[in-house]
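# Observations on chain architecture
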Amino acid sequence: EFTCPEPNPRIEVTSEELNLFVWTEYIPEEMIDCFEEAYGITVNRSEFSSNEEMYAKLSAGNTSYDLTQPTDTFVALMIRQGMLEQLDKSKLPVLDNFDPQYLGLPFDPGNDYTLPYQAGTDAIAVNTDAVEEIPTSYADLWNPAYADRLVMVDDARTIIAATLLTLGFDPNTTNPDELEQAKAKLAELTPNVRIFDSDSPKSALIAGDADLGIVWTGEARLAADEVPAIQYVYPSEGVIRWLDNWAIPTGAPHPDAAHAWLNYINQPELFWTTLRDFPYNNPNQAALDYAEQNQADLHASFIGSNITNPPAEALANAHWLTDVGEATTLYDRIWTEVKGQ
């Protein structure tokens, strides 16, 4: 039986509801149940499966949401367009819980608009029982031996960035010529792709419908837990890194409840559940410390895995994606055209 922690500190709240707009399959049930119990607030959850979907809904003027979860590349764009509220840091003592490497990043240098949620990489998951030639780079995925065997996250920026890296280009380029070359190269990859899936890319790997591909940290780890032959390869071009964040959309009706939520779920005795349910790279150092003391087996397995605890050298030459501004529409068009072939 899970014992819900008391809020520490308890934030003063008059709202009776909290509306979340979050990624699919990403929040431990205890976070929602315990918050409802601790504050007597009803949590309503809507879900999206891509940043583009989230952005489209919010930019169409939907102001009913109190919190959403943009990835780093979309944060700068949303700040620039006035789509996010500034956080009241006087109400966020939880800031002390985070590993400093996940704070003050270029997309939100002062953490004025965002708090980290979970981080990860877009590396290559491969079923070593099913695949003879194990890839060591993104470029290897074009191998004809992988025809109709890849699962790829349905994410324009990630997959186009990986393609740009195979060409020796900046993964954040806005140069139309380089993007055209990437489009042509990506078109050559589609015969190898069995499925684009951002809802649950692990499912194809676990079922054996796909043997390898570019997936997110947590999905790779959950797949490897089911199928131990699945390994995680950090590509030689340098892996793509990301950070998902909490942010309050402009016009949010219940900002008091949003701040209460951010403090409460980040308490170590609650946030450790992400290690169990959604094992990504974890920015919450206090939760990792808590797990080490109170969930020793879970912590050891998390730290002992090269998926959830990336090797230092893999992070040293990793690439963060940045907001590409006006070129975003070009990326989207390339993606739509390549997938529509």
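Here goes a summary of the coordinates provided.

Rules behind the numbers
Residues numbered from 1 in each chain as written. Predicted model: local features only at pLDDT ≥ 70, side-chain atom pairs only at ≥ 80, totals over all residues. Heavy atoms only, no water. Helix = DSSP H or I, 4+ residues; strand = E, 2+ residues; numbered from the N terminus. Rg over C-alpha atoms; globule rule 2.2 N^0.38 Å. Areas by Shrake-Rupley, 256 points an atom, 1.4 Å probe, with all protein chains shown as cover. Contact = heavy atoms within 4.5 Å. Buried < 20%, exposed > 50% of the residue type's maximum accessible area, 1.4 Å probe, protein only. Core = buried A, V, L, I, M, F, W, Y, C linked by side-chain atoms within 4.5 Å. Arc of directions from axis to C-beta. Disulfide = S-S within 2.5 Å. Axes fitted to C-alpha atoms, helices over the stretch in contact; angles between N-to-C directions. Parallel < 35°, antiparallel > 145°, perpendicular 65-115°, else oblique. Left-handed = near helix turned anticlockwise from the far one by under 90°.

Looking now at the overall build of the chain. Helix and strand counts for the chain come out as 14 helices and 10 strands. Computed over the C-alpha atoms, the radius of gyration of the chain is 20 Å, within 12% of the 20 Å expected from 2.2 N^0.38 for a compact globule of 341 residues. With respect to the three principal axes, the spread of C-alpha positions in the chain is 60 × 45 × 30 Å. For the chain, the computed accessible surface area is about 13500 Å², with 46% contributed by carbon and sulfur atoms.

Turning to the environment of Ala 223, a few remarks are in order. Looking at where Ala 223 falls in the secondary structure, it is placed in helix H7 (residues 217-226). The spatial distance from the C-alpha of Ala 223 to the C-alpha of Ser 203 is 7.5 Å, given a sequence separation of 20 residues. Aside from chain neighbours lying at most four places away, what touches Ala 223 is Lys 202, Leu 205, Ile 206 and Ile 230.

What follows deals with the environment of Thr 163. Its place among the elements puts Thr 163 in helix H4 (residues 156-166). Relative accessible area serves as the criterion here: at 1%, Thr 163 is assigned to the buried category. For the pair formed by Thr 163 and Phe 98, sequence separation is 65 residues and the distance between their alpha carbons is 32 Å. Not counting chain neighbours up to four residues away, the residues in contact with Thr 163 comprise Trp 142, Ala 182, Lys 185 and Leu 186.

Attention now goes to the nonpolar core. If you look at the biggest cluster of nonpolar residues, it comprises 108 residues, and the most contacted ones within it are Leu 18, Trp 246 and Trp 261. Apart from residues no more than four positions distant in its own chain, Leu 18 is found in contact with Phe 35, Ile 41, Thr 42, Val 43, Asn 44, Asp 66, Leu 67, His 254, Ala 257, Ala 258 and Trp 261.

On to helix H12 (residues 296-303). Counting along an α-helix, one turn takes 3.6 residues, and residues three or four places apart therefore face a common direction. Among the residues making up H12, those that are buried are Leu 298, His 299 and Phe 302. For H12, the buried positions fall inside an angular range of 95° around the axis, keeping them on one side. If you follow the buried residues of H12, they end up packed against H7, helix H10 (273-277) and helix H11 (285-294).

Attention shifts here to the state of the cysteines. Two cysteines form a disulfide when their sulfur atoms are joined by a covalent bond. Scanning all chains against the criterion turns up one disulfide. The disulfide partner of Cys 4 is Cys 34, and the gap between their sulfur atoms is 2.1 Å. Looking along the S-S bond of the Cys 4-Cys 34 disulfide, the torsion reads about -75°, which is the left-handed sense. Taken together, the positions of Cys 4 in the segment before strand E1 (17-23) and Cys 34 in helix H1 (residues 29-39) put the pair 30 residues apart, joining distant regions of the chain.

So, about the packing of helix H5 (residues 176-189) against helix H14 (residues 328-339). Running from N to C, H5 and H14 cross one another at 20°; their axes reach a closest spacing of 10 Å. In terms of their interaxial angle, H5 and H14 are classed as roughly parallel. The two elements H5 and H14 meet at a crossing, and its hand is right-handed. Contact residues: Pro 176, Leu 179, Glu 180, Lys 183, Leu 186 and Ala 187 in H5; Leu 330, Tyr 331, Arg 333, Ile 334, Trp 335, Glu 337 and Val 338 in H14.

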